[in-house]
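Reading the structure
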Amino acid sequence: VQLQASGGGTVQPGGSLRLSCVASESIFSNNIMGWSRQTPGSQRLTIATITGAGRSLYAEAVEGRFTISRDNTKNTVYLQMDDLKPEDTGVYFCNARTSQYLQPKLWGQGTLVTVSS
């Protein structure tokens, strides 16, 4: 498996979760890493990306609540999700891309996040 995501679960509104994604070294060191999500009835959308130098971009819907980070020594990218809302419910996918403005070229399996009281 080239991209292995974990950390999904069920949380109450206002709660937090941290997703992790371990990548193979060749993928991690040569790509921009990101997270996308697919909510019920919607297409899959990118919500956060981070370059190897640590420059991050966020979708407006998660700006200020989610934080993407990467540990280059562990080939791991994280998504810290705070102040979760019911509309954050969906399947979250780790991915790799060559530009923060292009679609991913590699996808991991999804991890389900449910925000519900």
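Look above for the structure.
Model, not experiment: these values are computed from the prediction. (Residues numbered from 1 in each chain as written. Predicted model: local features only at pLDDT ≥ 70, side-chain atom pairs only at ≥ 80, totals over all residues. Heavy atoms only, no water.)

Considering the overall build of the protein
- The secondary structure content of the protein amounts to 1 helix and 10 strands.
- Along the protein, helices and strands appear, N-terminal first, in the series β-β-β-α-β-β-β-β-β-β-β.
- For 117 residues, the compact-globule estimate of 2.2 N^0.38 gives 13 Å, and the C-alpha radius of gyration of the protein, at 13 Å, lies within 12% of that figure.
- By principal-axis analysis of the C-alpha atoms, the protein measures approximately 40 × 25 × 25 Å.
- Counting the 117 residues in the protein, one finds 44% classified as buried.
- As presented, the protein carries roughly 5,900 Å² of accessible surface, and 48% of it is formed by carbon and sulfur atoms.
- Each charge class in the protein can be summarised by its mean position, and for the 10 positive and 8 negative side chains these summaries are 7 Å apart. (Helix = DSSP H or I, 4+ residues; strand = E, 2+ residues; numbered from the N terminus. Rg over C-alpha atoms; globule rule 2.2 N^0.38 Å. Buried < 20%, exposed > 50% of the residue type's maximum accessible area, 1.4 Å probe, protein only. Areas by Shrake-Rupley, 256 points an atom, 1.4 Å probe, with all protein chains shown as cover. Lys, Arg positive; Asp, Glu negative; His and termini not counted. Charge placed at Lys NZ, Arg CZ, Asp CG, Glu CD.)

Looking at the pairing of strand 8 (residues 76-81)
- Of all 6 residues that make up strand 8, 5 are buried, and the element is covered over most of its length.
- The pairing of strand 3 (residues 17-23) with strand 8 spans 6 bridges and is classified as antiparallel. Within strand 8, the residue paired with Cys-21 across the bridge is Val-77.
- Adjacent in sequence and paired antiparallel, strand 7 (residues 66-71) and strand 8 are bridged by 4 residues, among which Asn-75 carries a positive phi angle near 55°. (Pairing = 2+ DSSP bridges.)

Let's talk about the state of the cysteines
- As enumerated under the stated definition, the model contains 1 disulfide in all.
- With its sulfur 2.0 Å from that of its partner, Cys-21 forms a disulfide with Cys-94. Its S-S torsion of approximately -80° makes the covalent link between Cys-21 and Cys-94 left-handed. With Cys-21 in strand 3 and Cys-94 in strand 9 (residues 90-97), this pair connects stretches of sequence that are 73 residues apart. (Disulfide = S-S within 2.5 Å.)

Things to note about the side chain of Thr-51
- Of note, Thr-51 is situated in the loop between strand 5 (45-50) and strand 6 (56-58).
- Excluding anything up to four places from it in sequence, Thr-51 contacts Ile-32, Arg-70 and Gln-100. (Contact = heavy atoms within 4.5 Å.)

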